[in-house]
Structures are given as structure tokens and as C-alpha cells.
Amino acid sequence: MELFIGGRAQGKLELVLEERKDEETRVFDGTVPEAAENGKTIIINNLHNFVRKELEENGDPEKKINGLLSGTDRCVIIGDEIGNGIVPEDRFEREYRERYGRILIWLAKRANRVVRVTCGIGRTIK
């Protein structure tokens, strides 16, 4: 599994697709599939949107992500960095940002490669 992170509109998905132009891929935007697809690299784009939706519905985002990752090593996860800035007053917003940050830490530890993307340029940090 690989993890790509960076700010909004920094070219993360475009970079991932360019790196995998010779592979068969399937992009899921803001969702996590129940299972891997044979022979395809799964790309989860906008992980932060998935986590938010799961938490709003009292779901378990870690369980769903882990279920997918247990079934494949051909997975790329892309997420915005959202925890840099003013701490929101809203309790849900604070809890969402905290949980999402912890999910990114968990994924980074598990990932074979972690890339931070700025202005469409990726810098491998792991």
C-alpha cells in the first residue's frame, strides 16, 4: 500500500495516475470498496471525505479500510492534510480531524511508501 498526502488541489490524484499509467487501475472517490478487484490497483481518492461520512453515520472507518487492505497490497490511498490550522469550535469537527489524523498515522506506519505532494511534485518521505 502507498499513501499520498498533501493540501487540497495539489495534484495528488494526477501524480498517482501518471505513475501508474501502464497499470490497470480503478479510482474510488471518497469511498472504500468492500473488496479488492483482481489484477487492478485500487486508488482511494479523498480519504478524508470517506472518514467524515463514516463518522457522521457512526461507522467504523478503520475497520472498512483494514478490510480492504487485508485483501490486497495493490492499493494507493490519497488524502488531504486537514489538521494544519485553527482548531474548530465545533466538537464534531475537532473529533473528525483528530480521528482522521490518527488514521493517517496508522496508514503511514503500514505503508510501503508515503509521498507528500505539493504543486504536483511528489516528495517521498517514507
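Given the structure is predicted, the values throughout are model-derived calculations rather than measurements.

Engineer: Where do I start with the packing of aromatic side chains in this structure?
Structural biologist: Describing an aromatic ring pair means giving the distance of the ring centres and the angle of the ring planes. Tallying each qualifying case throughout the model produces 2 aromatic pairs. Between Phe 92 and Tyr 96, the aromatic rings sit 6.3 Å apart at their centres with planes inclined by 5°, giving stacked as the arrangement. Highlighted residues: Phe 92 and Tyr 96, both in helix α4 (residues 91–110), separated by 4 residues, approximately one helical turn. Taking relative accessible area as the criterion, Phe 92 reaches 26% and is therefore assigned partly exposed. On the numbers, 6.3 Å between centres and 25° between planes, the contact of Tyr 96 with Tyr 100 is stacked. In this pair, Tyr 96 and Tyr 100 are both assigned in helix α4, 4 residues apart and thus about one turn of the helix distant. Neither residue differs from the other here; Tyr 96 and Tyr 100 are each classed as buried. In textbook terms, an aromatic cluster arises when at least three aromatic residues are bridged by ring pairs, as seen for Phe 92, Tyr 96 and Tyr 100. Taking NZ or CZ as reference, Arg 52 lies 4.3 Å from the ring centre of Tyr 96, over its face.

Engineer: In this structure, what is going on with the side chain of Thr 72? I would like to understand it.
Structural biologist: Structurally, the position occupied by Thr 72 is in the loop between α3 (61–71) and β4 (75–80). Judged by relative accessible area, Thr 72 falls into the buried class, the value being 16%. A distance of 2.9 Å separates the side chain of Thr 72 from the backbone nitrogen of Arg 74, its partner in a polar contact.

Engineer: Before we go on, may I ask you to explain the sheet that holds β4 in this structure?
Structural biologist: Spatial ordering of the open sheet is given by β2-β3-β4-β1-β5-β6, a layout of 6 strands whose pairing is mixed. The open sheet has two free edges, formed respectively by β2 (25–29) and β6 (121–124), since each of these has just one partner strand. The mean inter-strand angle of the sheet, taken between neighbouring strand axes irrespective of direction, is 20°. Sheet analysis places β2 next to strand β3 (residues 41–45), joined by 5 bridges and oriented parallel. Within β3, the residue paired with Arg 26 across the bridge is Ile 42. Relative to β4, helix α2 (residues 47–56) is tilted by about 80°, and along the sheet it contacts β3 and β4. Where α3 meets the sheet, it contacts β3 and β4, and its direction lies at approximately 150° from that of β4.

Engineer: What should I look at first to understand the packing of α2 against α3 in this one?
Structural biologist: The angle between the axes and the distance between the axes are what describe a pair of packed helices. Remark: α2 packs on α3, axes separated minimally by 9 Å, with the N-to-C direction vectors making an angle of 130°. Comparing the axis directions of α2 and α3 gives the class oblique. From α2, Leu 47, Phe 50, Val 51, Glu 54 and Leu 55 reach across to α3, where they touch Pro 61, Lys 64 and Ile 65. When its residues are assigned to classes, the contact of α2 with α3 shows 6 nonpolar, no polar and 2 charged.

Thresholds applied
Per chain, the residues get numbers from 1 upward, laid out in the order the sequence is written. Note on the predicted model: pLDDT of at least 70 is required for a residue's local features to be given, and 80 or more for side-chain atom pairs to be given and counted; whole-chain, interface and lining totals, by contrast, use all residues. Only hydrogens and water are set aside when side-chain values are computed; all heavy atoms of the structure are taken into account. Aromatic pairing here means that ring centres of Phe, Tyr or Trp (its six-membered ring) are within 6.5 Å. Orientation follows from the plane angle: under 30 degrees is stacked, over 60 is edge-to-face, and everything else is tilted. For the purposes of this entry, the term helix denotes a DSSP run of H or I that reaches at least four residues, the term strand denotes a run of E that reaches at least two, and both are numbered from the N terminus. Buried means the residue's accessible area, taken with a 1.4 Å probe over protein chains only, is under 20% of the maximum for its type, while exposed means over 50%, and partly exposed covers the values in between. Note on criteria: charge over ring means Lys NZ or Arg CZ within 6 Å of the ring centre, with the direction from the centre no more than 35 degrees off the ring normal. Counted as a polar contact is a pair of N or O atoms within 3.5 Å, where, for protein atoms, one must be capable of donating a hydrogen and the other of accepting one, and residues adjacent in sequence contribute only when both atoms are in side chains. At least two bridges found by DSSP between two strands is the condition for calling them paired. Think of each axis as a best-fit line through the C-alpha atoms, taken over the contacting stretch in the case of a helix, with angles from 0 to 180 degrees between the N-to-C directions. In this description, contact between two residues means that some pair of their heavy atoms is separated by no more than 4.5 Å. Angles are sorted into four bins: roughly parallel if under 35 degrees, roughly antiparallel if over 145, roughly perpendicular if 65 to 115, and oblique for all others. Each residue receives one of three labels: charged for Asp, Glu, Lys and Arg, nonpolar for Ala, Val, Leu, Ile, Met, Phe, Trp, Tyr, Cys and Pro, and polar for the others, Gly being one of them.

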